[in-house]
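One letter stands for each residue in the lines below.
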Amino acid sequence: GWMGTAMRGWEELGAAVTGLVGDPVSLPCEASGSPKVEVNWVLPDGEVVGSRNKGRRRGEAWVTVLANGTLSLPFPGQRDAGLYRCVAVNQHGADSHSTRLILTPRPTDTSSSMRYPMRPQSVVGWECRAQGVPVPLLSWVLPDRSILTPDLNSNPAHGPHPRVSIFPNGTLRIVAVGPADRGLYRCVASNPAGASSLSVRLHVSFLPPAIQQPREERVTQPAGMPVYAHCSARGAPVPSIRWRTPDGTLLLPSQFLNGNLFDSGSYECLATNAVGVDKRTVRVLMTGDEGGGGGVRLPR
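Residues numbered from 1 in each chain as written. Predicted model: local features only at pLDDT ≥ 70, side-chain atom pairs only at ≥ 80, totals over all residues. Heavy atoms only, no water.

- In the nomenclature of an unreviewed UniProt entry, the protein is known as Ig-like domain-containing protein of Oncorhynchus mykiss.

Next comes the structure, spelled out in structure tokens:
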């Protein structure tokens, strides 16, 4: 009959297929017939995926039917477990075959998310503990995919990550956290019996500088008298403060513009950190300084 023509030697329910959550799984459907057989798969939730369409998006990947009738699940989740029914059709009839997909959860995999303000010299530390026989080997996978283990990290200052170190008990430490440290850190504990992992996502919160004093200020002083102006800024990392004189000279870093000013003109405060710049201008008019910023120097 046509059932034999449409599908070759399948029982109604074949052997179950087992897989691991997150690992690619293929469910074969070896249908043959003349004229050409079209294969459709009925998924556990009742959706239909066929060889003529592009597949269905499930979770993080597409479920597709390959040219040979095989159903491909590139990234199965626990909810993809269940009964899959392959239906082969041509103009003479149809035949079907069911396969149960059993998905085994991965070893314990927990994730947490932590936020740390980015401050120069701030230190982040995460514990990673694991029990097992034999004692598991602990390692950390960094956001750039490199792997650190405690025994290979005896002198971290000479390694590719001098600010990152692992203590013998598995604790990961990062010194002077910065924007480049953002990303997913995964602690992996493994022994011959298996592996489990813990993921931590590091968010680095940072703020561009914001000067606390007015954007512009005017100061009028008799020539020869000391001038005092203040400039402070908030931000993360803590901004550095510099003053620029009317002739473009950058003074030593300081919050204060204090004394020793003999030129009229605009003095600019620059607050800078890794993520931005803010500035304010103090316009100084020295009465009796008719040069108006032309470089007139009065006796000290």
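### Description of the sheet that holds strand S14 (residues 164-166)
Logical step 1: Overall, antiparallel pairing links the 3 strands, which are arranged S11-S15-S14 in an open sheet. Of all the strands in the sheet, the pair left with one neighbour each is strand S11 (123-126) and S14. For this sheet, the mean inter-axis angle between neighbouring strands, taken without regard to orientation, is 15 degrees.
Logical step 2: Across 3 bridges, the pairing between S14 and strand S15 (residues 172-175) is antiparallel. By the bridge assignment, Ile-166 is partnered in S15 with Leu-172. (Pairing = 2+ DSSP bridges. Helix = DSSP H or I, 4+ residues; strand = E, 2+ residues; numbered from the N terminus. Axes fitted to C-alpha atoms, helices over the stretch in contact; angles between N-to-C directions.)

### Brief notes about unusual backbone geometry
Logical step 1: One non-glycine residue, Arg-145, adopts positive backbone phi at about 75 degrees.
Logical step 2: By the secondary structure assignment, Arg-145 is in the loop between strand S12 (137-141) and strand S13 (147-148).
Logical step 3: For Arg-145, a relative accessible area of 71% puts it in the exposed group. (Buried < 20%, exposed > 50% of the residue type's maximum accessible area, 1.4 Å probe, protein only.)

### Some thoughts on the pairing of strand S16 (residues 183-191)
Logical step 1: Bridging between S12 and S16 involves 5 bridges; their strand directions are antiparallel. For Val-141, the partnering residue across the bridge sits in S16 and is Arg-186.
Logical step 2: Between S16 and the antiparallel strand that follows it, strand S17 (residues 194-205), lie 2 residues.

### Some words on the nonpolar core
Logical step 1: Counting residues in hydrophobic clusters, the biggest one holds 18 residues, and the most contacted among them are Trp-126, Trp-140, Leu-172, Ile-174, Tyr-185 and Leu-202.
Logical step 2: Residue assignment for this core shows that the elements contributing at least two residues are S11, S12, S14, S15, S16 and S17.
Logical step 3: Ranked by size, the runner-up nonpolar core spans 17 residues in total, among them Val-25, Trp-41, Val-65 and Leu-73. (Core = buried A, V, L, I, M, F, W, Y, C linked by side-chain atoms within 4.5 Å.)

### Concerning the state of the cysteines
Logical step 1: By the definition in use, this model includes 3 disulfides.
Logical step 2: Linked covalently through their sulfurs, Cys-128 and Cys-187 form a disulfide whose S-S length is 1.8 Å. Note on the Cys-128 and Cys-187 pair: the S-S dihedral is about -85 degrees, so by sign convention the disulfide is left-handed. Remark: Cys-187 occurs in strand S16 and Cys-128 occurs in the loop between S11 and S12; sequence separation between them is 59 residues.
Logical step 3: You can call Cys-128 buried: its relative accessible area is 6%.
Logical step 4: Owing to a relative accessible area of 1%, Cys-187 belongs among the buried residues under this scheme.
Logical step 5: Numbered in order of appearance, the disulfide-bonded cysteines of the protein are paired 1-2, 3-4, 5-6. (Disulfide = S-S within 2.5 Å.)

### Re the sheet that holds strand S3 (residues 38-42)
Logical step 1: Pairing is mixed across the open sheet formed by 5 strands, whose spatial order is S1-S9-S8-S3-S4. Looking at which strands have only one partner, the edges of the open sheet turn out to be strand S1 (17-20) and strand S4 (48-50). Taking the axes of each pair of neighbouring strands and ignoring which way they run, one obtains an average angle of 30 degrees across the sheet.
Logical step 2: Inspection of the sheet shows strand S8 (residues 82-90) paired to strand S9 (residues 93-104) by 9 bridges, in the antiparallel sense. Along S9, the bridge assignment pairs Ala-88 with Asp-95.

### Points about the packing of aromatic side chains
Logical step 1: The tally for this structure, following the rule as stated, stands at 2 aromatic pairs.
Logical step 2: Their ring planes at 50 degrees and their centres at 5.0 Å tell us that Trp-126 and Tyr-185 sit as a pair that is tilted. In this pair, Trp-126 is assigned in strand S11 and Tyr-185 in strand S16, connecting sequence segments 59 residues apart.
Logical step 3: The rings of Trp-126, Trp-140 and Tyr-185 are connected pair by pair, giving a single aromatic cluster. (Phe/Tyr/Trp six-rings, centres within 6.5 Å; stacked < 30°, edge-to-face > 60°.)

### Quick look at the pairing of S17
Logical step 1: In the sheet, S16 pairs with S17 via 9 bridges, with the strands oriented antiparallel. Across the sheet, Arg-186 pairs through a bridge with Ser-199, a residue of S17.

### Points about the side chain of Thr-245
Logical step 1: Positionally, Thr-245 belongs in the loop between strand S22 (240-244) and strand S23 (256-258).
Logical step 2: By relative accessible area, which is 14% here, Thr-245 ends up buried.
Logical step 3: Not counting residues within four places of it along the chain, the set of residues in contact with Thr-245 comprises Leu-251, Ser-266 and Tyr-267. (Contact = heavy atoms within 4.5 Å.)

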